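Coordinates in review
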Amino acid sequence: KVSGHWALAVWLIWDMRLNSIEPDVITFSSVMSACEREGRWRTALRIYEEMVASRSMPNRISYNILISSAEKGGQWQMTLQLLHLMRQNFI
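Considering the pattern of salt bridges
According to the stated counting rule, one finds three salt bridges in the structure shown. Taking the shortest distance from any N to any O, the salt bridge between glutamate 50 and arginine 17 comes out at 2.0 Å. Of the two residues, glutamate 50 sits in helix H3 (residues 41-53) while arginine 17 sits in helix H1 (residues 6-18), which places them 33 residues apart along the sequence. Salt bridges linked by common partners bring Arg17, Glu22 and Glu50 together as one network.

A short note on unusual backbone geometry
Residue arginine 55 is not a glycine yet carries a positive backbone phi of 70 degrees. Structurally, the position occupied by arginine 55 is in the loop between H3 and helix H4 (60-72). The class of arginine 55 is exposed, set by a relative accessible area of 75%.

Section: the side chain of threonine 79
Among the structural elements, threonine 79 can be located in helix H5 (residues 76-88). The class of threonine 79 is buried, set by a relative accessible area of 6%. Apart from the residues within four sequence positions on either side, threonine 79 is in contact with Ile67, Ala70 and Glu71.

Let's talk about the nonpolar core
Of all hydrophobic cores here, the largest spans 22 residues; its most connected members are Val31 and Ile47. Contributions of two or more residues to this core are made by H1, helix H2 (25-37), H3, H4 and H5. Sort the elements by how many residues they give to this core and H2 lands first, with six residues. Sequence-distant contacts of valine 31, defined by excluding residues within four places in its chain, comprise Ala9, Val10, Ile13 and Ile47.

Quick notes on H5
Look at H5: 19 Å from first C-alpha to last across 13 residues, which is about the 18 Å you get at 1.5 Å a residue. Residues of H5 that are buried include every one of Met78, Thr79, Leu82 and Met86, and no others. Taken around the axis of H5, the buried residues stretch over an arc of 105 degrees, which confines them to a single face. For H5, exposure combined with an orientation more than 90 degrees from the buried face picks out Trp76, Gln77, Leu80, Gln81 and Arg87. Next to the buried residues of H5 lie H3 and H4. At the exit of H5 stands phenylalanine 90, carrying a positive phi of roughly 55 degrees.

The rules behind these values
- Residues numbered from 1 in each chain as written.
- Predicted model: local features only at pLDDT ≥ 70, side-chain atom pairs only at ≥ 80, totals over all residues.
- Heavy atoms only, no water.
- Salt bridge = Lys/Arg side-chain N within 4 Å of Asp/Glu carboxyl O.
- Helix = DSSP H or I, 4+ residues; strand = E, 2+ residues; numbered from the N terminus.
- Buried < 20%, exposed > 50% of the residue type's maximum accessible area, 1.4 Å probe, protein only.
- Contact = heavy atoms within 4.5 Å.
- Core = buried A, V, L, I, M, F, W, Y, C linked by side-chain atoms within 4.5 Å.
- Expected span 1.5 Å × (residues − 1).
- Arc of directions from axis to C-beta.

As structure tokens, this is what we get:
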């Protein structure tokens, strides 16, 4: 369980890449979840952006984590944008 260890979870992604291991949607989502639980919505958003840039497609769980993170951070416009993006991507 990565909850409570958001910085270590973020480091995991970079360490995986240093070792030529590409994180998958489960890894990215787990790291976003650790960030969400610690109120790190900006970091969760960066991880999401990294996921998309690496061509790992976010799923319903990924979006729900990010939406929850944005909501907890008071980022209502971002929450609405993510809901719209989910609809566009048929998720």
